[in-house]
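Listed below are the residues making up each chain.
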Amino acid sequence: MKTPGCTGLVLDEKLIFEHSDPGRKGYSLPELDVPKAALPSSLVRDEVSGFPEVSEVDVVRHFTRLSTWNYGVDSGFYPLGSCTMKYNPKVNEVAARLPGLANVHPETPERLCQGALALMYELQGALAEISGFSAVTLQPAAGAHGELTGMLMIRAFHEARGRSRRKVLIPDTAHGTNPATAALCGYEVVPVSSDGVLGADAVAAAMDEDVAALMVTNPNTLGLFESQIREVCDIVHAKGGLVYCDGANLNALMGIARPGDMGLDVMHFNLHKTFSTPHGGGGPGSGPVGVSDELVPFLPVPVVVREGEGFRLEYDRSHSIGRMRAFHGNFGILVRAYAYIRSMGAAGLRHASEMAVLNANYIRARLEGTYHLPYPARSLHEVVFSDRDLQGGCHTLDVAKRLIDYGYHPPTVYFPLVVKGAIMIEPTETESKEILDEFCDAMIAIAGEAAEQPELLHEAPVRTRTRRLDETRAARKPRLKWKG
Amino acid sequence: MRYIPHTDEDIREMLQAVGVESVDDLFSEVPSALRLDRPLDLPQPLAEGPLLKELERLAAGNATASSHLSFLGGGAYNHFIPAVVDHLISRSEFYTAYTPYQPEISQGTLQAIFEYQSLICQLTGLDAANASMYDGASACAEAVMMAARATRRRKVLISRALHPEYRQTVASYCRYLRMDLVEVAFGGDGATDPDDLARLIDDETAAVVAGYPNYFGVIEDLAALASVAHGEGALLVAAVAEPIALGLLKSPGELGADIVAGEGQSFGIPLAYGGPYLGFFAARQKAVRSMPGRLVGETVDRDDRRGFVLTLATREQHIRREKATSNICSNEGLCALMAAIYLCLMGKAGIREVAEQNLAKAEYAKGRIAALEGFSLPFAGPTFNEFVVEAAEGAAAVLSRLEERKILGGLALDRHFEEMPKQFLVCVTEQNSREEIDALAEALAGGKR
């Protein structure tokens, strides 16, 4: 079987602190052209103890070697479910580094940063069109930050009407950020069980006038479209509640259907998922939020508005929830997302969603006989299997680790929580049929190994620089910094 | 589309394998009433060349330190970024990976974050730093919430000299958490007023929050603030918006701060009109289990080889859900990597030298401006690389006069401090030559007649 996994020369590398040699330097500064100045000695520290003393070459080689121990989308297939690990276009990286975009100070007077404001205004408009919402704020720095922004707006909306509601309904398939966010807004979380798809009956049974909002993800984390969403929204609205949508899975729907048209009131986007901006090893992301008409007054400040031919930042908005961070948003990420939308156009975005859904369904068709599929409804952009039928005492974690030996990044594992031993695969649209076939061949081979040579799974990975790591030891006696 | 590899033949074969007739059939679960019945209304797609032209057009509409002399600071700083930083973070093994959930193929990210955490601990003088937060303001809000959890108290005293956007962010985060946020006045020296603090603090107080340096550039007496806070069982949160200062100033940890929340943009991260930046966050060892955010810890693998993993995850939302210490998931990983690379390059000598240059340049500028008729420095407290100037003719008039000479002379303070229409905040970094500072002084003087 053809797989990308192979072994090559792996270079070892110490901690940067272990390279340190007194007197070595990795920087250059111009000679000081003004008189030296001093602060009162009571304010001044000794040298920063522990800081490394290394040359530029040391630093370059160090981080280059570290990079080779990583696996990114550019290394190969990265089907991490719910994270939409699509290809990150290189022209977007060039765009974000244009000096006129990368070097603008956030406090530049508005009349001198019209280009930046125009880009933000255009991007707001494009996201509103794609999602069907009335207005979009670009301020939040990530998806969870967008959730907090959206849920604070919901709470502010209720407070403005003199309602003190205490509860938020959250389906059992939700991301952990949903309940954590609701709690940050002072709400009590009420779980709603779903049978794969959220039923209007279940929501009706849980809904009352003490419920501020329902938080849904559509398509949900099982990769299923919430087909009763319209009815669900009607039920929540009838009792005065609002519906929050976690937009993590918008990659299934661009140009197909719009959350704002389904009755949803607020949604965050993940520009680092749907709109191709890099995940950066854990961020920076960007989490804009779209809202329906009645929530527009509560948007965080500042809001980018058009005024005649120009643009400005509007701060004076009496119902605003305030600001969620300093300055105006993760602008560098906004530039990349804008470049992506302008590259794709309407037809390109729709085609991306269609191919993302086709890829997930193709994987499902190829693996369905081998791995247990807990929910039979038609998948959209991702598919969730379980380890129920695995033999040889092997579990989801073993499959994940064995996939590494075959040369793949594993899928998301053990999430969503409603599926025991979940294996959540999201291929995205940027992978070809050949890649999917190779991956599926590997998954099928691994299931065979589980039955015949389970030790291959239990021992995996064996081709990486480090083998399975002792997480229990890390947590029991935390070592969170270099101790010299 | 060059990002999507499917040929017509691929699509046909794949549909057949799935067992449907058409791509449309894949969406059968989406009720037709919810389908969009028209194409999205977006501009026509652009090829790579025209796209870059369009972005260059937008870029040309913005002023930068190349088109103008810039003395803007106020939480975002124009420092030199060594070429190495962007080269290394452009290794796509770093920037196209995600959160290191699978440690065996993420050791690059994990070791780099471990080194970043170590560097932040060394700079702040605290025991444990997390893997990053969104920015300085949101990190400050997380610090306030952590202090409330740790002390089981709800009153927080926030210096009015703390960055105003940090104060506003704290207020948004705490809006529905039944917290009592109280402002502490600043005195004639531009530092937090110790008498006002002593008057407001009590045994209900969870934390005292102050900038270090503060928004006016003034170096707060953290040891004194810590002593007042600790006297009532409260924690001291130091918010560091300009961490280059920590190359020179006593570390907040050494002065008694319990939590340090700061903005790491100064460490090799482009200004980028306000983001992405880097929230850094550090606390004492005993509080580590109530910290927000991801933590990387050292461990060993099955062959006893040193390696790193995400650890203490039971604090986090994906395990703890509504009882998590924070809702944060994605952080600013690549920006933390930029900071780590920057700090390694600067090293022990460089972080000191760049801090000393900032101080020297700002002191030189203070001297030049204070000598001008019609201008004065209203605050007497010691400063690092920013300071407040008072102009007899009013801040707005001065700044617009400078702008005509292509000088961004500073930030008018009346947007955040109504009582300060004549004051503006000037920032001078190692990027500003003596010649530039002289030009600023001459331009200021030029308008007095």
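Residues numbered from 1 in each chain as written. Chains lettered and ligands numbered in written order. Predicted model: local features only at pLDDT ≥ 70, side-chain atom pairs only at ≥ 80, totals over all residues.

### Topic: the overall build of chain B
Let me state the cut-off plainly: Only runs of H or I of at least four residues qualify as helices and only runs of E of at least two qualify as strands under DSSP, and these elements are numbered from the N terminus. For every residue, the other C-beta atoms within 10 Å of its own C-beta are counted; 20 or more classify it as buried, 12 or fewer as exposed, and values in between as partly exposed. C-beta atoms are placed from the backbone. C-beta atoms are placed from the backbone for every residue, and two residues are taken to be in contact when these atoms lie within 7 Å.
A tally of regular secondary structure across chain B gives 13 helices and 15 strands. Structurally, chain B occupies a C-alpha span of about 80 × 55 × 50 Å along its principal axes. Looking at chain B as a whole, 61% of its 449 residues qualify as buried. Partitioning the contacts of chain B with sequence separation of at least 6, the portion at a separation of at least 24 is 73%.

### Some words on the overall build of chain A
What counts here: In this setup the radius of gyration rests on C-alpha atoms only. A globule is expected at 2.2 Å times the number of residues raised to 0.38.
Tallying secondary structure elements over chain A gives 13 helices and 12 strands in all. Taken against the 2.2 N^0.38 rule, which gives 23 Å for 484 residues, the C-alpha radius of gyration of chain A at 25 Å falls within 12% of a compact globule. Taking the principal axes of its C-alpha atoms as reference, chain A extends roughly 70 × 70 × 45 Å. Every one of the 484 residues in chain A was classed for burial, and the buried ones make up 60%. Expressed as a percentage of contacts within chain A between residues at least 6 apart in sequence, the contacts between residues at least 24 apart total 73%.

### Some points on the domain arrangement of chain B
Residues and elements named next belong to chain B. Heads up, the rule is: Domain delimitation in this document rests on an assignment produced automatically or drawn from a domain database. When residues are grouped by polarity, Ala, Val, Leu, Ile, Met, Phe, Trp, Tyr, Cys and Pro land in nonpolar, Asp, Glu, Lys and Arg in charged, and all others, Gly among them, in polar.
Taken domain by domain, chain B consists of domain 1 (69-81 + 348-446) and domain 2 (83-342). For domain 1 and domain 2, the distance between their C-alpha centroids amounts to 27 Å. Contacts between the two partners involve 25 residues from domain 1, matched on the other side by 27 residues from domain 2. Ranked by residues supplied to the side of domain 1 that touches domain 2, first place goes to helix 11 (residues 333-370) with seven residues. Broken down by class, the residue content of the side of domain 1 that touches domain 2 amounts to 14 nonpolar, eight polar and three charged.

### Things to note about the packing of helix 10 (residues 396-406) of chain A against helix 11 (residues 433-452) of chain A
All names here are of chain A. Quick reminder of the rule: All axes are obtained by fitting lines to C-alpha atoms, using only the stretch in contact for helices, and the reported angles, taken between N-to-C directions, cover 0 to 180 degrees. In what follows, roughly perpendicular refers to angles from 65 to 115 degrees, roughly parallel to angles under 35, roughly antiparallel to angles over 145, and oblique to any angle outside these ranges. Left-handed describes a crossing whose near helix is turned anticlockwise from the far helix by less than a right angle; the clockwise case is right-handed.
Viewed as axis vectors pointing N to C, helix 10 and helix 11 meet at an angle of 125 degrees, and their least axial separation amounts to 10 Å. When the axes of helix 10 and helix 11 are compared, the pair comes out oblique. Every pair of crossing elements has a handedness; the one defined by helix 10 and helix 11 is right-handed. Judged by residue contacts, Val399, Arg402, Leu403 and Tyr406 of helix 10 engage Ala442, Ile446 and Glu449 from helix 11. Here the contact of helix 10 with helix 11 is composed, by residue class, of five nonpolar, no polar and two charged.

### Brief notes about the domain arrangement of chain A
By a frequent convention, interface size equals the accessible area lost on bringing the separate parts together. Split into domains, chain A comes out as domain 1 (1-69), domain 2 (92-343) and domain 3 (356-471). Here domain 1 of chain A and domain 2 of chain A have C-alpha centroids that lie 39 Å from each other.

### Quick notes on the nonpolar core
Definition in use: Each nonpolar core consists of buried Ala, Val, Leu, Ile, Met, Phe, Trp, Tyr and Cys residues. Their C-beta atoms, within 7 Å, join them into a set.
Counting residues in hydrophobic clusters, the biggest one holds 319 residues, and the most contacted among them are Val144, Val209, Val237 and Ile341 of chain B. Residues in contact with valine 237 of chain B, not counting those within four places in the same chain, are Ala143, Val144, Ala147, Ala207, Val209, Ala257, Ile259 and Ala261 of chain B.

### What about the pairing of strand 15 (residues 423-427) of chain B?
Working note: regular strand, side chains alternate between the two faces of the sheet. Residues and elements named next belong to chain B. This is how the line gets drawn: Being paired, for any two strands, means DSSP has found at least two bridges between them.
Burial analysis of strand 15 places five of its five residues in the buried class, the great majority of the element. Burial along strand 15 is two-sided: the face carrying Gln423, Leu425 and Cys427 and the face carrying Phe424 and Val426 are both buried. Sheet topology places strand 12 (residues 386-391) next to strand 15; five bridges connect them, and they run antiparallel. Paired with valine 389 across the two strands is phenylalanine 424, which belongs to strand 15.

### Let's talk about the interface of chain B and chain A
Between chain B and chain A, the contact holds 162 residues from the first and 171 residues from the second. Element by element, the count of residues in the side of chain B that touches chain A is highest for helix 11 of chain B, at 22 residues. Across the side of chain B that touches chain A, the residue classes tally to 83 nonpolar, 47 polar and 32 charged.

### Comments concerning the sheet that holds strand 11 (residues 412-413) of chain A
All names here are of chain A. In space, the three strands of this open sheet follow the order 10-12-11, with antiparallel pairing throughout. Only two strands of the sheet have a single partner each, and these edge strands are strand 10 (383-385) and strand 11. Two strands pair when backbone bridges link them, and strand 10 and strand 12 (residues 423-425) are joined in this way by three bridges, in the antiparallel orientation. Its bridge partner lying in strand 12, phenylalanine 385 is registered against isoleucine 423.

### Some points on the packing of helix 1 (residues 56-67) of chain A against helix 5 (residues 107-124) of chain B
Contact geometry for helix 1 of chain A and helix 5 of chain B: axes closest at 7 Å, N-to-C directions at 135 degrees. Judged by the inter-axis angle, helix 1 of chain A sits oblique to helix 5 of chain B. For the pair helix 1 of chain A and helix 5 of chain B, the contacting residues are Phe63, Leu66 and Ser67 of chain A in the first and Gly108, Gln111 and Ala112 of chain B in the second. Class assignment for the residues of the contact of helix 1 of chain A with helix 5 of chain B results in three nonpolar, three polar and no charged.

### Topic: the sheet that holds strand 11 (residues 375-376) of chain B
Residues and elements named next belong to chain B. If you walk across this open sheet you meet the four strands as 11-12-15-14, and the pairing is antiparallel. The outermost strands of the open sheet, each flanked by one partner alone, are strand 11 and strand 14 (411-412). Helix 11 rests against strand 11, strand 12 and strand 15 of the sheet, and its axis sits at about 10 degrees to strand 12. Here helix 12 (residues 395-404) sits on the sheet and contacts strand 12, strand 14 and strand 15; the angle it forms with strand 15, its principal contact strand, is near 40 degrees.

### Notes on the environment of histidine 68 of chain B
All names here are of chain B. Locating histidine 68 in the fold gives a position in the loop between helix 2 (48-59) and strand 1 (69-70). Histidine 68 sits in the buried class, given 20 other C-beta atoms within 10 Å. Along the backbone, histidine 68 and arginine 405 are 337 residues apart, and their C-alpha atoms lie at a distance of 8.4 Å. Excluding anything up to four places from it in sequence, histidine 68 contacts Ala63, Lys406, Ile407 and Leu408.

### So, helix 6 (residues 136-151) of chain B
Residues and elements named next belong to chain B. Rule in force here: The span one expects for a helix is its residue count, reduced by one, times 1.5 Å.
Here helix 6 contains 16 residues, and its C-alpha end-to-end distance of 22 Å stays within 8% of the 22 Å for a straight helix at 1.5 Å per residue. Buried residues dominate helix 6, accounting for 13 of its 16 residues. A positive phi of about 55 degrees marks arginine 152, the residue just after helix 6.

### Overview of the confidence of the model for chain B
We apply this condition: Per-residue confidence from the prediction method is given by pLDDT, with values spanning 0 to 100.
Across chain B, pLDDT averages 97, with 99% of residues at or above 70. Both scores are given for the predicted complex: the pTM is 0.98, the ipTM 0.98.

### Description of the environment of glutamate 442 of chain B
Residue and element names in this part refer to chain B. Summarising the element assignment, glutamate 442 is placed in helix 13 (residues 434-446). For glutamate 442, a count of 13 C-beta atoms within 10 Å gives the class partly exposed. Measuring from C-alpha to C-alpha, the distance between glutamate 442 and valine 218 comes to 25 Å, with 224 residues separating the pair along the chain.

### A short note on the environment of proline 43 of chain B
Checked against the element boundaries, proline 43 of chain B lands in the loop between helix 1 (8-18) and helix 2. The contact partners of proline 43 of chain B, leaving out residues within four places of it in the chain, are Arg342 and Gly345 of chain A.

### Comments concerning unusual backbone geometry
With an omega dihedral of 5 degrees, the bond running from glycine 283 of chain A to proline 284 of chain A counts as a cis peptide bond. Mapped onto the elements of the fold, proline 284 of chain A is located in the loop between strand 6 (266-268) and strand 7 (289-291). Residue proline 416 of chain A is reached from phenylalanine 415 of chain A by a cis peptide bond, and omega for that bond is 0 degrees. Tracing the backbone through its elements, the reader meets proline 416 of chain A in the loop between strand 11 and strand 12. One non-glycine residue with positive phi stands out, namely leucine 312 of chain B, at about 55 degrees. Looking at the secondary structure, you find leucine 312 of chain B in the loop between strand 10 (306-311) and helix 10 (317-320). Accessibility expressed as a C-beta count within 10 Å gives 20 for leucine 312 of chain B, which makes it buried.

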